[in-house]
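# Architecture at a glance
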Amino acid sequence: MAFVVLRHRDILDIKKLEVYRQNGGFEAFQNAVKNLKPDGVTQVVKDSGLRGRGGAGFPTGMKWSFIDSKNWPHYVVANADESEPGTFKDREIMESNPFQFLEGVALACYAVGANSAYIYLRGEFWQLAGFLDEKINELNDAGLLGAKLFNTNYSLNIYTHLGAGAYICGEETALLESLEGKRGQPRVRPPFPPAVGLYNKPTIVNNVETLTNVPLIIQNGAAWYKSLGTPDSAGVKVFSLSGRVRKPGNYELPFGATFRQLIYEHGGGVLDGRPVKAIMPAGASSSLILVDEKALDTPMDYASVRTLGSDLGSASIIVIDDTVSIDWVIQKTIHFFKHESCGKCTPCREGTYWMMNIAERAHNGRKDPADVELLHAVARQMQGMCLCALGEFATMSVVTGIDRFPSDFKNPVNLQEKIV
Amino acid sequence: MDKQVTLTIDGKLISVPEGTFVADAARMADIDIPVFCHHPKLEPVGMCRMCLVEIGRPIRDRATGQFVLENGQPKIQFLPKLETACTNRVEDGMVVHTQSESAKAGQKSTIEFLLTSHPLDCPVCDKGGECPLQNLTMAHGAGKSRFLYDEKLHLEKRKPLGELIYLDQERCIQCGRCVRFQDEIAGDPVIGFDERGRSMQIMTSSEPGFDSVFSGNTTDICPVGALTTADFRFGARPWELEEFPSICSQCPVGCNITINTRREAAADGSMVIKRIMPRQNETVNEIWICDKGRFAYHYTESKGRLTRPAIRKDGKLSRASWDSAIKLAAENFAEAGKNFVVLASGRLANEDLFNLKSLADHLKGDAVLYSEIGGGELTSAIGISPDTNLGEVGPGTTLVVIASDLYQEAPIWYLRLKQAVRRGATLIVANPRQTRLDDHASYVIRYAYGDEVKTVHSLDKKNKIGEAFTRSENVIIFYGSEGLGVEGSAALASACAKLLNEYGFAGKPNNGLVGVWQRANDQGAWEMGYRVEADLPRFLRGKVVYLVGVDPAGDDPRLAKALENAKFLAVQDILESATSELADVILPAQAHTEREGTFTSGERRVQRYYPALPVLGETRPDFAITAQIARQAGFIQEGTSVSAAFDILSETIPSYAELSYSKLAEVQPQWPVVGRGDLYYGGTTYENKHGLGAHLTTTASRGENVHILRVHRESAPRPQENELLAVPVTRLYDRGTTVLPAKVLKNRIGKATISMHPDIAERLNVKNGGLVKISFDGHSGEALVQIDKTIPAGVVTVPRSMGLAIHEPVPAKVK
Amino acid sequence: MSLVDPVIELGRGLWRTLSSMFERTVTYQYPEHKRTVRPRFRGRHVLKRYDNGLEKCIGCSLCAAACPSDAIFVEASENTDEHRFSPGERYASTYEINMLRCIFCGYCEDACPTEAIVLGDNYEMSYYTRKDAIYTKDMLIEPVSSVNQTTPQKTPTGVFTRSVPEMKDAKD
């Protein structure tokens, strides 16, 4: 089967504009601008069943249709602040298949009537920003971006913007604050960005992978895309596989492929042939899946993963085998979220700090069962109280880890012992 | 009136205006939803998560838009998680539970989280006793924390943000109220958050630190003891303080304040002022005061207070009895007849000014207000009318500020005008140089010093500004004395008044002329019929002068000379001064903190102040001293009861008609609710229980005929070659006798600084901060130079009351 | 009534006098001899110090707030490491108790967050003037055993940052 998002794996030089155009590049955009109404583009995306690839899985076409058409101008922002531990798909897409991504941005802009789009990249992607700037210039030179495109009245410019290295700026409202030059802290929602976004104007924020799907959907039609994947989750997904597997990396598979297929067929199985103990399906923000035979055969789509008490999220599959102690895992995730909490809301600012204190105490030195209970209680106490999702994410692995792997907290697995 | 929305909070059915937040709606209905980051004057942010409640909304049928019914009642849908009451607006049919198990658990959790990093050093905290965190912990917190005390964060406990405000990083709960106040209300975004997560801290980005004249207000709205003022730091525990309502005497805004007093060992066990706090009056100062009003109160406790009457004998001042002092003054006044002059200050109460004026009238003398701004009689004719509220003006109202830097001259007016623009009012700022209000103005007009009247004449021209002016429903003009003397400001006032009258912007609410006076009660003096004198030195020569609350000799050597040549000087004041040295008789008066009285604010609101401190020595209130002199001169005045004196005043002066002390003491419920029981909500601002005051009527609002004389004025003097035009400007922190004793303000007062354009500085070969000698009008002094490219070339601005005796534009030499 | 009755009564009276001459005395030869007070006796207040000589009192004025007869007057000032009286930021620059007003109820002890004020054993208070009845801080503060324990002290930075020490719950 041909690749949809990771097309550079089929067509090696697709990062060159002429190669991309030879393979049908920018036909979808040109056709849309010349022959389709903006609503028509949105309708195709809606029909295709494309859902946001950033983690929340919100139907993309529906998001586009929410844009407030009474308030102008509109903006499109590509969320390239890929900071979730275990997620590395957007980087590969932008590095190797940049034009398909940029065409996706352009199509989104046309669909919602935006004349400017921003690509918000995490600070560490500074090289990538320069690379994308080059590509955007090429498009401008080729007349595929800029004023009065294809002899119509539609104009479009795309700009890149570098963040300063905060995980929270992947949250869409914090991203917008940061883009406006303010502190990267989430805003109160509602209102949501399609109503009040960048500079208080209606804004669509989409993940890089989501947008990269769009050109082929417009080109090949909604029905084609829908035929890939499962009824609940249409199309293909790039799974970032990492952890204790032989061949970690990005794998583009249709939704519905099972964990077993990903880990054993594509990822070459677990290191040292050890059994899979747990899976974190959405990077550090995941609820830990307690892995048994049934879990391994669960198809990876939004609905099925939910039956395992977790969420597919951004599909950053971190594989944990029996050499790894879950109390060590959650200590790492807590440390990450404590470091990345923006500090705006109380439960997250204080809760992550408090959890880290307890986790460190419980992990090094003081082994008090009451501490594990307290850790669980603090995490539960944070749930449902925070301003944005970061605070919730911080508690996922803690609560599920303690609930599903209680023995790891009583007798932590000795790493050294198992690895040799 | 706004559309009303009906909702149920804790089973109580209430109606509130559309767009209200649930937290505010609950407060209106007297239901407590605890908050930290939310403040009714600030935009909501939903940061602290203290106001978590259960909010249910009626389900609407998608097709019909009607409520879905269940058992005849709308079906209510609750979200699975708690929501913040401060960010959700009310909706029809909404149901809110603030006391349910889960809501209470949420509030308890937030308190527990907040206290994990809080040092719990309430015994040494200045906020202890009036601390929202303390109160809400008692009301909503768990009795015990599960957090290990040893693991508490230790941070800096004494971090000066500036020399006025200190930050305790441990106590800060990162609610951002201070940051948002500075940004949204004050328009001085000089503090902000640094770092993120648990390391997030308040920092200042200005030099000098926390460079804002509203900085003290952040300590009022801070819900913990993180921000404290240098002045009150460890001064007293809040519960030990006594509170006395008063009116700020520093500028014409007339901010309502509360004076907190306490015994002090250093003052030998007598009562002293420990701090000045704002007192709510939504029509005057809302819940804010400026730093000058907050910190510059020490003058009443200064060592140089006059406490005993004195008479000059054999060229020396010696102690005398009240009777003999009054007798001597009365004899000399009565003899003088036409040569008798009352030179009174706008620091006096209405009753004092009234008695002084009637004494002058009775003796056929003259009553002169000691001020450098003319044209005040016009504010009495077409000034602001009753029912004006700057806090409510919005679309349809045009506010004009001409020849005044409100940020420096009347900070609270600056703040109120800025808020009015936010609500949709149009603001036109006309000034020769850039002022802070320019940032918020809809239109900025720059004119050359001397072109003030011409600028006013062009306000109704056919252009954008003219349209904004003429098409407005309401227009208020604030005129000041930037670069003007008595004659210049009188001409400006007359031009403004004529324009307002021509377009009918007079005699109705939210219309009229406002003078940005130099002192708190200048407006009162204008209402009584005082006049100003442009050439005081010549005028005073050979006269019998009754100087009340003024220090001309200290302000200007030319005036000192004129007073030396006067026939007889009676000085009635609170402080020793250069003028009191020259006196033939000294009559020690009580400071306004020691007595009762009323001030008339620049917005023509009469407000009462009450005694806060015990009477000092043998001092007497001004109106009583004047009445005793009058009695000696055979003229009966009210000299015992200040309220009776006010009654006579209100019978005599038409604009004060029908007012009385009891009317001035009336209060009405105000929004937002503040007060000791609601500290967490509005801050430590005091509730107004002692009167909101009352507006004066104007000639125009009474429907009488208004005559406005056209005042001609000599054009500004032309400086010769190698001269500059020195123009007077007003600074907030000056070297006036009421400001200088405030030691905390020492750095803000600084040295006399003149400003000039960089080209001029280059020509004179001076650098920024360099010392120069400036001489004008036979007077010279040293000053620091500030290079400012917004100052027109050929001009040097000279601050008033900073040691350089400037009264009007004069050619000056700078070396 | 017989003639002997008064004699008997007189004899009984004299017997009581005589027998009490041989009982243990209950009076003390005060001031030569002083009675030891009970453990919970509440006498004149003492302001305590830490072992290093720093004052325990932090000038929080809670004793004054707790005092039912308004006998205590406290004024606070700020410590610096150069000029330190007590741990933390705040110390009592003025501490006065009006012994004429004090009812020795001990509420001040209960209110004190640092256990600085303690009602001691001393009950010998007499004064000729009302002013003498006001005990100032130098009269109340515990004497020091050596010169380098007097306050103010110069202390290293960052050591005495806490006003309120961590204390066990009182047992007695």
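Residues numbered from 1 in each chain as written. Chains lettered and ligands numbered in written order. Predicted model: local features only at pLDDT ≥ 70, side-chain atom pairs only at ≥ 80, totals over all residues.

## Concerning helix 8 (residues 172-179) of chain A
Residues and elements named next belong to chain A. For helix 8, the tally of buried residues reaches eight of eight residues, placing the bulk of the element in the interior. Residues of helix 8 that are buried sit in contact with strand 1 (74-80), strand 2 (114-121), strand 3 (157-162) and strand 4 (203-207). A positive phi of about 95° marks Gly-181, the residue just after helix 8. (Buried ≥ 20, exposed ≤ 12 C-beta atoms within 10 Å, placed from the backbone. Helix = DSSP H or I, 4+ residues; strand = E, 2+ residues; numbered from the N terminus. Contact = placed C-beta atoms within 7 Å.)

## A word on the domain arrangement of chain B
Split into domains, chain B comes out as domain 1 (4-116), domain 2 (377-516) and domain 3 (724-814). Computed from C-alpha coordinates alone, the two centres of domain 1 of chain B and domain 2 of chain B are separated by 42 Å. (Domains from an automatic or database assignment.)

## Thoughts on the pairing of strand 33 (residues 753-756) of chain B
Residue and element names in this part refer to chain B. Pairing geometry for strand 33 and strand 35 (residues 779-787), over four bridges, is parallel. Note on strand 35: the bridge partner recorded for Ser-755 is Gln-786. Across two bridges, the pairing between strand 33 and strand 36 (residues 795-799) is antiparallel. Opposite Ser-755, over in strand 36, you have Thr-797 as the bridge partner. (Pairing = 2+ DSSP bridges.)

## What to know about the sheet that holds strand 19 (residues 340-344) of chain B
Residues and elements named next belong to chain B. Read across the open sheet, the seven strands follow the order 18-17-28-27-26-19-20; overall the sheet is mixed. Where the open sheet ends on each side, the last strands, each with one partner, are strand 18 (316-319) and strand 20 (366-369). Averaged over all adjacent pairs, the angle separating strand axes in this sheet is 20°, with direction ignored. Bridge analysis of strand 26 (residues 544-548) against strand 27 (residues 568-573) gives five bridges, and the strand direction is parallel. Residue pairing in the sheet places Val-548 in a bridge with Gln-572 of strand 27. Sheet contacts for helix 7 (residues 322-336): strand 17 (310-313), strand 19, strand 26, strand 27 and strand 28 (585-588); angle to strand 28, the most-contacted strand, approximately 120°. (Axes fitted to C-alpha atoms, helices over the stretch in contact; angles between N-to-C directions.)

## So, the interface of chain A and chain B
Opposite the 23 residues of chain A that make contact, chain B presents 26 residues. For the side of chain A that touches chain B, the secondary-structure elements that each account for two or more residues are helix 14 (326-340), helix 15 (346-363) and helix 16 (369-382) of chain A. Sorting elements by how many residues they give to the side of chain A that touches chain B places helix 15 of chain A first, with eight residues. Here the side of chain A that touches chain B is composed, by residue class, of ten nonpolar, eight polar and five charged. (Nonpolar A, V, L, I, M, F, W, Y, C, P; charged D, E, K, R; others polar.)

## Considering the arrangement of the chains
The interface with the most contacts, out of two pairs of chains in contact, is the one formed by chains A and B. Chain C makes no contact with chain A, the minimum C-alpha separation between the two being 20 Å.

## Comments concerning the domain arrangement of chain A
Residues and elements named next belong to chain A. The assigned domain composition of chain A is domain 1 (7-227), domain 2 (236-321) and domain 3 (326-419). In this structure, domain 2 and domain 3 have C-alpha centres spaced 22 Å apart. Contact residues are listed per partner, giving ten residues for domain 2 and eleven residues for domain 3. Ranked by residue count, the leading element in the side of domain 2 that touches domain 3 is strand 7 (residues 276-284), at three residues.

## Section: the packing of helix 6 (residues 98-112) of chain A against helix 7 (residues 126-141) of chain A
Residues and elements named next belong to chain A. Between helix 6 and helix 7, whose axes approach to 11 Å, the crossing angle comes to 65°. The angle between helix 6 and helix 7 places the two elements in the roughly perpendicular class. At the point where helix 6 passes helix 7, the crossing takes the right-handed sense. Between helix 6 and helix 7, the residues in contact are Pro-98, Phe-99 and Leu-102 and Leu-132, Lys-135, Ile-136 and Leu-139, respectively. Here the contact of helix 6 with helix 7 is built from residues that sort into six nonpolar, no polar and one charged. (Parallel < 35°, antiparallel > 145°, perpendicular 65-115°, else oblique. Left-handed = near helix turned anticlockwise from the far one by under 90°.)

## A look at the pairing of strand 3 of chain A
Residue and element names in this part refer to chain A. For strand 2 and strand 3, the ladder comprises six bridges, and the chain directions are parallel. From the neighbouring strand, Tyr-120 faces strand 3, where its bridge partner is His-161. For the handedness criterion, the β-α-β arrangement of strand 2, helix 7 and strand 3 is classed as right-handed. (Right-handed = clockwise from strand over helix to strand, strands pointing away.)

## Here's the deal with the confidence of the model for chain A
Averaged over chain A, the pLDDT score is 92; the fraction of residues at 70 or greater is 97%. By mean pLDDT, helix 19 (residues 415-419) of chain A is the weakest element of chain A at 51, and strand 1 of chain A is the strongest at 97. (pLDDT = per-residue confidence, 0-100.)

## Concerning the packing of helix 15 of chain A against helix 17 (residues 389-404) of chain A
Residues and elements named next belong to chain A. Where helix 15 contacts helix 17, the two axes come as close as 9 Å, and the packing angle between them is 25°. For the element pair helix 15 / helix 17, the angle class is roughly parallel. When the axes of helix 15 and helix 17 are compared, the crossing they make is left-handed. Here Pro-347, Cys-348, Gly-351, Thr-352 and Met-355 of helix 15 lie close against helix 17, whose contacting residues are Leu-390, Gly-391, Ala-394 and Val-398.

## Quick look at the interface of chain B and chain C
Contacts between chain B and chain C engage 14 residues on the former and 18 residues on the latter. Looking at the side of chain B that touches chain C residue by residue, the class counts come to six nonpolar, one polar and seven charged.

## Regarding the environment of Lys454(B)
All names here are of chain B. By secondary structure assignment, the location of Lys-454 is in helix 12 (residues 452-457). Under the C-beta neighbour-count criterion, Lys-454 is labelled exposed, with 11 such atoms within 10 Å. Separated by 41 residues in the primary sequence, Lys-454 and Ala-495 have C-alpha atoms spaced 8.7 Å apart.

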